[in-house]
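Summary of the model geometry
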Amino acid sequence: MKYTQLGRTGLKASRLVLGTMNFGPQTDERTSHSILDAALASGLNFVDTANVYGWGENKGRTEEIIGTWFAQGGGRRDKTVLATKVYASMAGEGDPWPNFDRLSALNIRRAVEASLRRLQTDYIDVYQFHHVDRRTPFEEIWQAVDVLIQQGKVLYAGSSNFPGYKIAQANETAARRGSVGLVSEQCLYNLAERRAEMEVIPAAQEYGLGVIPWSPLHGGLLGGVIKKEVEGGRRASGRSADALANSSVRAQVQAYEDLLDKHGLEPGETALAWLLTRPGVTGPIVGPRTAEQLESALRALELELSDEVLTGLDEIFPGPGASPEAFAW
């Protein structure tokens, strides 16, 4: 396993991040524990979750599964860099009560305590804001987070799905308070979706945030979806199916798969390996449903992409260019 510092912190994180969104809804507890054990055995130490994972009436279920895994002992918690998130409502369906969502000091306090109970731990390494809260000032957010840090319940704060200007606003506010501020940003970023390169990633680099890309295969689009259709009759679904309905996108994905076939590379592993070459990236989030999918993701760590392949990928999936040159002179 390869490690890197998480942004400007002294925290060492694995170059792959284990995403757990499937734990509960698609992967049962026993299999989830097996995947977590396999990840830890490989040296993968960064585990990402969110308080709402489990979804619907089962919000919090994913954190509970991780908590029962920690409870088995064997150094599991001490070896793990644990990240979870707060923002979306944890109230029941149709529950009209306010103050159970967003980033008010009240909800942050309530959400941390609930996550700690479900996770069966006394601290969270990286507490992430799952979305921007346009109603709550950062002064209030940092006041709440600073208390949690002083109490030892949270070590670092991170963001997710923040635009570049909000990263700047958050950390400028933190600096005025003498607070640590954001140390990571979790954003949508992959070969097919590179808009983060315009503002988000430059802002993260400027303020010393580690970038944690989610959906590195773009909903399966970059995982060899056309080849799977041809060879196994397995049709695309969800986001990848919607994208392939566009003829220009389908041609782009076909060119991508043809390039990798020429070089004997697997699409999913290549998409992950490409992200590992990108400036500012700590590690992409992989969300395996099975141990076999985890093994495939781990192989990306050993994959070195040639200049020819990297150039070909840029030609097929060109980035937006730097800001403001991408849209101005």
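Provided above is the structure to which this section pertains.
Described in the following lines is the structure provided in the data block.

The rules behind these values
- Residues numbered from 1 in each chain as written.
- Predicted model: local features only at pLDDT ≥ 70, side-chain atom pairs only at ≥ 80, totals over all residues.
- Heavy atoms only, no water.
- Helix = DSSP H or I, 4+ residues; strand = E, 2+ residues; numbered from the N terminus.
- Buried < 20%, exposed > 50% of the residue type's maximum accessible area, 1.4 Å probe, protein only.
- Areas by Shrake-Rupley, 256 points an atom, 1.4 Å probe, with all protein chains shown as cover.
- Pairing = 2+ DSSP bridges.
- Right-handed = clockwise from strand over helix to strand, strands pointing away.
- Polar contact = N/O pair within 3.5 Å; in protein donor to acceptor, adjacent residues only side chain to side chain.
- Salt bridge = Lys/Arg side-chain N within 4 Å of Asp/Glu carboxyl O.
- Phe/Tyr/Trp six-rings, centres within 6.5 Å; stacked < 30°, edge-to-face > 60°.
- Lys NZ or Arg CZ within 6 Å of the ring centre and 35° of its normal.
- 1 Å grid on protein atoms, 1.4 Å probe; cavity = no way out; pocket = protein on both sides within 12 Å on 5 of 7 lines; lining within 4 Å.
- Points joined across faces, edges and corners; volume = space filled by probe spheres on them.
- Nonpolar A, V, L, I, M, F, W, Y, C, P; charged D, E, K, R; others polar.
- Expected span 1.5 Å × (residues − 1).
- Arc of directions from axis to C-beta.

This brings us to the overall build of the protein. Scanning the protein for helices and strands turns up 13 helices and 10 strands. Expressed as a percentage of the 329 residues in the protein, the buried residues total 51%. Approximately 15,100 Å² of the protein is accessible, and the part contributed by carbon and sulfur atoms is 49%.

To continue, consider the pairing of strand E9 (residues 210-214). Of all 5 residues that make up E9, 4 are buried, and the element is covered over most of its length. Pairing geometry for strand E8 (residues 182-188) and E9, over 5 bridges, is parallel. Bridge pairing in E9 places Gln186 opposite Ile212. In terms of handedness, the path from E8 via helix H7 (residues 200-206) over to E9 forms a crossover that is right-handed.

Next up on the list: the sheet that holds E9. Reading across from one edge, E9-E8-E7-E6-E5-E4-E3-E10 is the order of the 8 strands in this open sheet, with parallel pairing throughout. Two strands in the sheet have a free side with no partner beyond their single neighbour: E9 and strand E10 (285-286). Pairing of strand E6 (residues 124-129) with strand E7 (residues 154-160), which is carried by 5 bridges, proceeds in the parallel orientation. Bridge assignment links Gln128 to a residue of E7, and that residue is Gly158.

Summarising the element assignment, Arg77 is placed in helix H3 (residues 76-79). Here Thr80 takes part through its backbone oxygen, which lies 2.9 Å from a polar atom of the side chain of Arg77. Among the polar contacts listed, one links the side chain of Arg77 to the backbone oxygen of Tyr123, at a separation of 2.9 Å.

Our next topic: the pattern of salt bridges. Across all of its chains, the model carries 17 salt bridges by this definition. Arg61 is the salt-bridge partner of Glu64, the closest N and O atoms lying 3.4 Å from each other. Taken together, the positions of Glu64 and Arg61, both in helix H2 (residues 61-70) and 3 residues apart, correspond to about one turn of that helix. Here the salt bridges do not stand alone but share partners, grouping Arg194, Glu197, Arg278 and Asp314 into one network.

It is worth spelling out the packing of aromatic side chains at this point. Describing an aromatic ring pair means giving the distance of the ring centres and the angle of the ring planes. Per the counting criterion, the structure on display carries 6 aromatic pairs. Above the plane of the ring of Tyr123 lies Arg77, whose end atom (NZ or CZ) is 4.0 Å from the centre. Stacked on the ring of Phe100, the Lys or Arg Arg110 has its end atom at 4.1 Å from the ring centre.

There is about 1,500 Å³ of room inside the largest pocket. Along its surface, the largest pocket is lined by 47 residues, and Leu217, Gly219, Gly220, Gly287 and Arg289 are the ones closest to its centre. Elements with a minimum of two residues in the lining of the largest pocket: helix H8 (225-232), helix H9 (238-244), helix H11 (267-276), E10 and helix H12 (291-299). Considered class by class, the residues forming the lining of the largest pocket number 15 nonpolar, 20 polar and 12 charged.

To continue, consider helix H1 (residues 29-42). For H1, which comprises 14 residues, the first-to-last C-alpha distance of 20 Å matches the rise-based estimate of 20 Å (1.5 Å per residue) to within 8%. Those residues of H1 that sit buried are Ser32, His33, Ile35, Leu36, Ala39 and Leu40. Along H1, the residues classed as buried sweep out an arc of 160° about the axis, all on the same side. Exposed side of H1, more than 90 degrees from the buried face: Arg30 and Ala41 are the residues found there. Once H1 finishes, Gly43 follows within two positions and takes phi at roughly 100°, a positive value.

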